[in-house]
Amino acid sequence: MVDLVSQYARIRSEIDNAMASVAGSARFIRGPEVKLFEEEMAEYLGVSSVIGCGNGTDALQVAMMALGLKPGDEVITTNFTFIATVEVVALLGLTPVLTDPCPDCFNITPEAIERAITPATRAIVPVHLFGQCCDMEPLLDIAARHNLFVVEDCAQATGAEYIFSDGRRAKAGTMGDIGCTSFFPSKNLGCWGDGGALFTNDESLGERARSITNHGMKRRYYHDITGINSRLDTLQAAILRVKLKYLDSFNRARSDAAAYYDRAFKPVPGLTTPCRTKYSDHIFHQYTLKVADGRRDDLKEHLTANGIPSMIYYPVPISEQKAYSYLPFSGKPFPVTGELSRQVLSLPMHTELDEEQLEYITGCVTDFFA
Ligand SMILES: *Cc1c(COP(=O)(O)O)cnc(C)c1O
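Let us look at the structure shown here. Please read these numbers as outputs of a predicted model, since none were measured by experiment.

**A short note on the site of the ligand**
Then, in step 1: Around the ligand, 13 residues are found, and the nearest of them are Gly-56, Thr-57, Asp-153, Ser-182 and Lys-187.
Then, in step 2: Contact distances for the ligand include 2.5 Å between an oxygen atom and a side-chain N or O atom of Thr-57.
Then, in step 3: Lys-187 is positioned with one of its side-chain polar atoms (N or O) 2.9 Å from an oxygen atom of the ligand.
Then, in step 4: Taken by itself the ligand offers 380 Å² of open surface, and the protein chains cover 92% of this.
Then, in step 5: Counting residues per element, the ones that place at least two in the shell around the ligand are helix H3 (56-66) and helix H4 (84-91).

Structure follows, in structure tokens:
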């Protein structure tokens, strides 16, 4: 699905130098590269604070802790996401409220959010799924009208841009109160292990989030709030500093591969290529097809037989997951999420796909439908 070995080969000397410099300093925790990366990332995003942390799941947890959400508060998000989004809400004793996504762009819709709001609603968590932003302008408007926090889960959309109706552009994760991302190796900006970050323009919220990632302390051994231990390693920060310089070109390489897939698949009846909205670019964390007529699993088998990996993101709606059967949404009908979980198939997508590989993959897919 991803080829991080070939990507490493391309930027090997820079990465090796960065790692050697950390090894030489032995400042593995809170070394200077962490602060430098946070500053460079903030500059790239056009945001005032970036706070590194241990992974994307922690970023979401820290965000909700920093916002002071309390047990019983309702948090509206989508049923069609990676479990982390809902898991942290549940872990904090908050009440996740799920919505059915847009069947075309796969993201949460303003209409569904409006319908899900109750007097207990405190926050909305839009997930910019597969590399494309949710429709943030109406979402931010709803949040402002109902006095709700917006926590963006941009783990799959680092570097994607939202386009407001006046033409202004903003990076995913910088539009709500706080943005949360992951640097898991296969993400668009990935390190060599676990890593994550929070983005915010609210300085006091940023300070609270930073202190939560470090046991709730500002001054060493003085704990003002309950925190956790969730830090971005210096080695990971050093790798991320190198990779951040390439992020836009990496995202362009993904887009080029997606355009190749599109050209091959558009004419194929039974396949729906990823939709491109007018309000967001698409950086293709995943290239996800919809396969009609119950043929998805057969196509997947056909690809496997021909040595092509493919993945189903996500095969089981969160509303059907055993761990969350105690929550009010459990077992309720979510027709769009259900349909998507039966139709979606993601193809190999990374920065190193060459023409020969794309030709082979698209050939195998179109042969299946011929
Ligand atoms: C990857 C991911 C996360 C979690 O990130 P980790 O670094 O693996 O903890 C959260 N939300 C979404 C949508 C993701 O894709």
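**Details of the sheet that holds strand E9 (residues 196-200)**
Then, in step 1: With respect to topology, seven strands assemble into an open sheet ordered E1-E9-E8-E5-E4-E2-E3, the strand pairing being mixed. What marks the edges here is a single partner per strand, and that holds for strand E1 (49-53) and strand E3 (95-99). With direction set aside, neighbouring strand axes in the sheet form an average angle of 25 degrees.
Then, in step 2: Note that strand E2 (residues 74-78) and E3 share five bridges and pair parallel. Counterpart to Val-75 in the pairing with E3 is Pro-96.
Then, in step 3: Set on the sheet, helix H7 (residues 203-213) makes contact with E1, strand E8 (178-182) and E9; between it and E1 the angle comes to about 15 degrees.

**Notes on the nonpolar core**
Then, in step 1: Counting 45 residues, the largest nonpolar core has Phe-37, Met-41, Val-50, Ile-113, Phe-183, Leu-189 and Phe-199 as its most contacted members.
Then, in step 2: Looking at this core, the elements with two or more residues in it are helix H2 (32-45), helix H5 (110-116), helix H6 (136-146), E9 and helix H8 (234-265).
Then, in step 3: The leading source of residues in this core is H2, at six residues.
Then, in step 4: Val-127, Phe-130, Leu-299 and Leu-303 belong to the second-largest nonpolar core, a separate cluster that totals 34 residues.

**Side note on the packing of H3 against H7**
Pairs of packed helices are described in terms of their axes, by the angle between the two and the distance that separates them.
Then, in step 1: For the pair H3 and H7, the least separation of the axes is 9 Å and the interaxial angle reads 125 degrees. For the element pair H3 / H7, the angle class is oblique. Our pair here, H3 against H7, has a crossing hand that is right-handed. Residues Val-62, Met-65 and Ala-66 of H3 touch H7, and the partners they reach there are Leu-205, Arg-208, Ala-209, Ile-212 and Thr-213.

**Brief notes about the packing of aromatic side chains**
For any pair of aromatic rings, geometry is given as the distance between the ring centres together with the angle between the planes.
Then, in step 1: Under the criterion given, the structure shown has 16 aromatic pairs.
Then, in step 2: On the numbers, 4.7 Å between centres and 45 degrees between planes, the contact of Tyr-261 with Tyr-287 is tilted. Residue Tyr-261 is found in helix H8, and its partner Tyr-287 is found in strand E11 (residues 287-291); the two are separated by 26 residues along the sequence.
Then, in step 3: Looking at Tyr-261, the relative accessible area reads 0%, which means it is buried.
Then, in step 4: Overall, the relative accessible area of 0% leaves Tyr-287 in the buried class.
Then, in step 5: Cluster of aromatic residues (ring-pair linked, three or more members): Phe-80, Phe-82, Phe-106, Phe-130, Tyr-313 and Tyr-314.
Then, in step 6: Over the ring of Tyr-222 we find Arg-219; its NZ or CZ atom is 3.9 Å from the centre of that ring.

What counts and how
- Residues numbered from 1 in each chain as written.
- Predicted model: local features only at pLDDT ≥ 70, side-chain atom pairs only at ≥ 80, totals over all residues.
- Heavy atoms only, no water.
- Near = heavy atom within 4 Å.
- Polar contact = N/O pair within 3.5 Å; in protein donor to acceptor, adjacent residues only side chain to side chain.
- Areas by Shrake-Rupley, 256 points an atom, 1.4 Å probe, with all protein chains shown as cover.
- Helix = DSSP H or I, 4+ residues; strand = E, 2+ residues; numbered from the N terminus.
- Pairing = 2+ DSSP bridges.
- Axes fitted to C-alpha atoms, helices over the stretch in contact; angles between N-to-C directions.
- Contact = heavy atoms within 4.5 Å.
- Core = buried A, V, L, I, M, F, W, Y, C linked by side-chain atoms within 4.5 Å.
- Buried < 20%, exposed > 50% of the residue type's maximum accessible area, 1.4 Å probe, protein only.
- Parallel < 35°, antiparallel > 145°, perpendicular 65-115°, else oblique.
- Left-handed = near helix turned anticlockwise from the far one by under 90°.
- Phe/Tyr/Trp six-rings, centres within 6.5 Å; stacked < 30°, edge-to-face > 60°.
- Lys NZ or Arg CZ within 6 Å of the ring centre and 35° of its normal.

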